[in-house]
Amino acid sequence: MTTPPKTVTVKCPQCQQIYIAWYVPPVGEQNSNSQSPSTVCSQCGHRSALSELNEVNGVFQQVMTKSR
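These numbers were taken from a predicted model, which means no experiment stands behind them. (Residues numbered from 1 in each chain as written. Predicted model: local features only at pLDDT ≥ 70, side-chain atom pairs only at ≥ 80, totals over all residues. Heavy atoms only, no water.)

Q: I'd love a proper account of the sheet that holds strand 5 (residues 54-56), names of residues and values included.
A: Reading across the sheet, the four strands line up as 2-1-6-5 and stay open at both edges, with mixed pairing between neighbours. Of all strands in the sheet, those with a lone pairing partner are strand 2 (18-23) and strand 5, marking the two edges. Across this sheet, the average inter-strand angle for adjacent strands is 40°, counted without regard to direction. Looking at chain direction, strand 1 (residues 6-11) and strand 2 are connected through six bridges and run antiparallel. Bridge pairing links Lys11 to Ile18 in strand 2. (Pairing = 2+ DSSP bridges. Helix = DSSP H or I, 4+ residues; strand = E, 2+ residues; numbered from the N terminus. Axes fitted to C-alpha atoms, helices over the stretch in contact; angles between N-to-C directions.)

And the structure:
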């Protein structure tokens, strides 16, 4: 059984370009980081793992946390 691909909106952590990428959800359990879904920025070529980004208002992006 396969899961159809969907599009996701991503904000590049390196150049801040917002772009659309394809995402194919994994089927079953995958524990390997080497098979973690990732995207490549269409402007600068930076590769981002989706697991390292947070979804904020429908856009996957790197969220900086404030340190106290």
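Next comes the rest of the description.
Q: How would you sum up the environment of Lys11? Please name residues and give values.
A: Among the structural elements, Lys11 can be located in strand 1. Once the C-alpha coordinates of Lys11 and Leu53 are considered, the two residues, 42 residues apart in sequence, prove to be 9.2 Å apart.

Q: Report on unusual backbone geometry, specifying residues and quantitative values.
A: You will see that Gln16, though not glycine, has its phi angle at about 70°, which is positive. Within the secondary structure layout, Gln16 lies in the loop between strand 1 and strand 2. One non-glycine residue with positive phi stands out, namely Asn57, at about 50°. Relative to the assigned elements, Asn57 resides in the loop between strand 5 and strand 6 (59-61). Relative accessible area serves as the criterion here: at 79%, Asn57 is assigned to the exposed category. (Buried < 20%, exposed > 50% of the residue type's maximum accessible area, 1.4 Å probe, protein only.)

Q: Help me get a handle on the pairing of strand 2, residues and values and all.
A: Here strand 2 shows a buried face lined by Tyr19, Ala21 and Tyr23 and an unburied face lined by Ile18, Ile20 and Trp22. The antiparallel hairpin formed by strand 1 and strand 2 contains six residues in its connecting segment, where Gln16 sits at a positive phi of about 70°.

Q: Quick rundown of the side chain of Thr39? Include the residues and the values.
A: Positionally, Thr39 belongs in strand 3 (residues 38-40). Taking relative accessible area as the criterion, Thr39 reaches 3% and is therefore assigned buried. Apart from residues lying up to four places away in sequence, Thr39 is in contact with Val10, Tyr19, Ala21, His46, Arg47, Ser48 and Leu50. (Contact = heavy atoms within 4.5 Å.)

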